[in-house]
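Topology and contacts: notes
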Amino acid sequence: MMMVSRRRILKTGGASLLLLGGGFGAYVGTRSIAQAQEPWRKAAQGFGDPRIDALAYAILAPNPHNRQPWLVQLQGEDSFQLYCDLDKRLPHTDPPNRQITIGFGAFLELFRQAAAENGYRADINPFPDGEPQPVLDRRPLATVTMIKDPTIKSDPLFATILARRSTKEAFTNDIITAAQSKALEQSAISADLVNNISLAMTSDSDQVARLRELNWQAWSVEYATDRTQKESVDLMRIGAAEVNANPDGIDLSGPMMEALRLGGIVSRAQLADKGSNAYDAGISMYQEILDNTQSFGWLISQENSRAAQLQSGATWVRFNQAATQMGLAMHPVSQILQEFPEMADLYKQFHSAVNVAEPARVQGFFRLGYAARPEPSPRWPVESILLNA
């Protein structure tokens with residue numbers, strides 16, 4: 001399917017490209033989400049407490065729907081407990097809170113890297129009060145203690161934290177080579193860390209075509225199922241004012257989106273309305289992104305405990321960082337791994353297609369390729385996650 005151009009979108013519903021002309025165009029061009037991106041710029045400034053210094057990097061971790069569900073209770077001079085903000089779970093697209101837990105694994109891994117950069121060992125004790133099942137609850141996900149350690153080594157991936165992105169764009173036609181895949185795996189799976197996660201990647205045209213079709217079907221199921229689509233639409237921040245006021249969720253900003261919003265073309269109601277121009281444009285744009293994919297990768301755990309989910313998150317972010325280090329783009333497309341009833345058949349088909357059988361399971365699925373690096377995603381400031389600030 002051809003890419004939906006800015007011209008085509010802006011003419012949708014009778015709106016004209018004239019919206020972008022003259023003073024109106026100048027106005028929308030000034031709408032900035034710099035305020036919501038400030039945590040990326042402040043991460044390296046130092047906060048006077050080594051825990052908060054490392055947490056300032058940890059909050060930049062990838063996480064589903066950019067919910068940023070982390071809460072921290074500082075303890076004493078060197079420790080903290082990590083909790084989930086239960087209001088930021090995704091009950092429809094992530095009923096068992098598996099993907100949210102994977103996000104916490106990425107958070108803890110970036111914390112570990114940042115602590116090591118400042119000469120601290122982060123002793124991480126996951127689920128000190130037991131693994132919460134069947135969903136996350138008020139028990140801590142981890143207790144973390146920082147210990148000054150002159151033998152601690154800087155992680156070579158630390159330098160990529162501020163450049164890491166989830167690139168939700170069409171990729172070029174360049175293919176990831178076998179040598180690149182091997183280098184990515186070696187960087188992501190560190191021998192110094194306890195890790196029961198493996199990586200698989202493919203650029204084989206037939207397998208990529210099969211996985212692309214399965215991914216398209218899965219995305220279509222999530223988009224067509226009222227409650228799962230509404231969960232995403234409700235979390236969309238449309239335009240700079242909404243993004244800056246609530247720097248989480250799904251960022252729909254930039255001059256074009258500002259024009260569409262002010263022109264009455266894009267709203268949450270229109271995005272949720274099946275058959276509307278905005279709804280159909282979402283379908284076209286995702287297919288254009290998916291069609292421009294030449295390589296896929298996936299993470300496999302040997303079982304599906306909460307501990308395995310945390311390890312998957314640590315490996316996920318390390319792989320994303322390793323890709324960044326090599327000039328590659330990465331985009332999570334894990335709709336087919338969601339565990340709501342309408343997805344069950346595709347979930348089974350996917351695991352069969354990649355030869356993963358229980359008790360092992362795929363914990364993450366992603367596109368891999370080349371694309372221009374996007375702007376950083378919005379983040380709440382590090383101070384906002386502290387329960388005793």
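Within each chain, residues carry numbers counting from 1 in the order of the written sequence. Only residues with pLDDT of at least 70 get local features here, since the model is predicted, and only at 80 or more are side-chain atom pairs given and counted; chain-wide, interface and lining totals rely on the full set of residues. Excluding hydrogens and water, the side-chain values take into account all heavy atoms of the structure.

We now examine the overall build of the protein chain. Elements are defined by DSSP. Helices are runs of H or I of four residues or more, strands are runs of E of two residues or more, and each kind is numbered from the N terminus. When its secondary structure is counted, the protein chain shows 14 helices and ten strands. Taking 2.2 N^0.38 as the reference for a compact globule, 389 residues should give roughly 21 Å; the C-alpha atoms of the protein chain span a radius of gyration of 21 Å, in line with that estimate. Counting only C-alpha atoms, the protein chain reaches 65 × 45 × 40 Å along its principal axes. Counting over 389 residues, the protein chain shows a buried share of 54%. A separation of at least 24 residues holds for 78% of the contacts in the protein chain among residues at least 6 apart in sequence. Approximately 16600 Å² of the protein chain is accessible, and the part contributed by carbon and sulfur atoms is 52%. Put simply, the protein chain has 37 plus and 42 minus side-chain charges, and the middle of one group is 4 Å from the middle of the other. For the radius of gyration, the atom set is restricted to C-alpha positions; the globular benchmark scales as 2.2 Å times the number of residues to the power 0.38. Think of it in three bands: residues with accessible area under 20% of the maximum for their type are buried, residues over 50% are exposed, and the middle band is partly exposed, with areas taken using a 1.4 Å probe on protein chains only. In what follows, residue pairs with any heavy atoms lying within 4.5 Å of each other are defined as contacts. For every accessible area listed, the method is Shrake-Rupley and the probe measures 1.4 Å; residues are considered covered only by the protein chains on display. Positive charges come from Lys and Arg alone, negative charges from Asp and Glu alone, with His and the N- and C-terminal ends not counted. Each charge is placed at NZ for Lys, CZ for Arg, CG for Asp and CD for Glu.

Sheet strands pair via backbone hydrogen bonds, and the direction of the pair is either parallel or antiparallel. Strands pair, by our definition, only if DSSP identifies at least two bridges between them. The four strands lie next to each other as E1-E2-E4-E3, forming an open sheet whose pairing is antiparallel. The two strands at the open ends of the sheet, each matched to only one other strand, are strand E1 (70–75) and strand E3 (120–126). Direction aside, neighbouring strands of the sheet carry axes that sit 25° apart on average. Between N-to-C directions, angles span 0 to 180 degrees; the directions come from axes that are lines fitted to C-alpha atoms, helices contributing only their stretch in contact. Set on the sheet, helix H4 (residues 50–58) makes contact with E1, strand E2 (79–84), E3 and strand E4 (142–148); between it and E1 the angle comes to about 170°.

What follows concerns the nonpolar core. Remark: nonpolar core denotes a set of buried residues (Ala, Val, Leu, Ile, Met, Phe, Trp, Tyr, Cys) joined through side-chain atoms within 4.5 Å. The biggest cluster of nonpolar side chains holds 42 residues, and the ones touching the most others in it are Phe107 and Phe111. Looking at this core, the elements that each hand over two or more residues are H4, E1, E2, helix H5 (98–117), E3, E4 and helix H13 (306–325). Among the elements that make up this core, the one with the highest residue count is H5 (nine residues). Judged by nonpolar contacts, the second largest core, of 26 residues, contains Tyr223, Tyr279, Phe340 and Val362.

So, on to the sheet that holds strand E5 (residues 197–202). Overall, antiparallel pairing links the four strands, which are arranged E5-E8-E10-E9 in an open sheet. Each having just a single partner strand, E5 and strand E9 (329–332) make up the two edges of the open sheet. Going across the sheet, the axis of each strand differs from the next one's by a mean of 30°, ignoring polarity. Direction of pairing for E5 relative to strand E8 (residues 295–301): antiparallel, over a ladder of six bridges. Note on E8: the bridge partner recorded for Ala200 is Trp298. The strands touched by helix H6 (residues 178–188) within the sheet are E5 and strand E10 (361–369), with E5 carrying the most contacts at an inclination of about 160°.

Bear in mind that shape data such as this cannot, by itself, settle questions of function.
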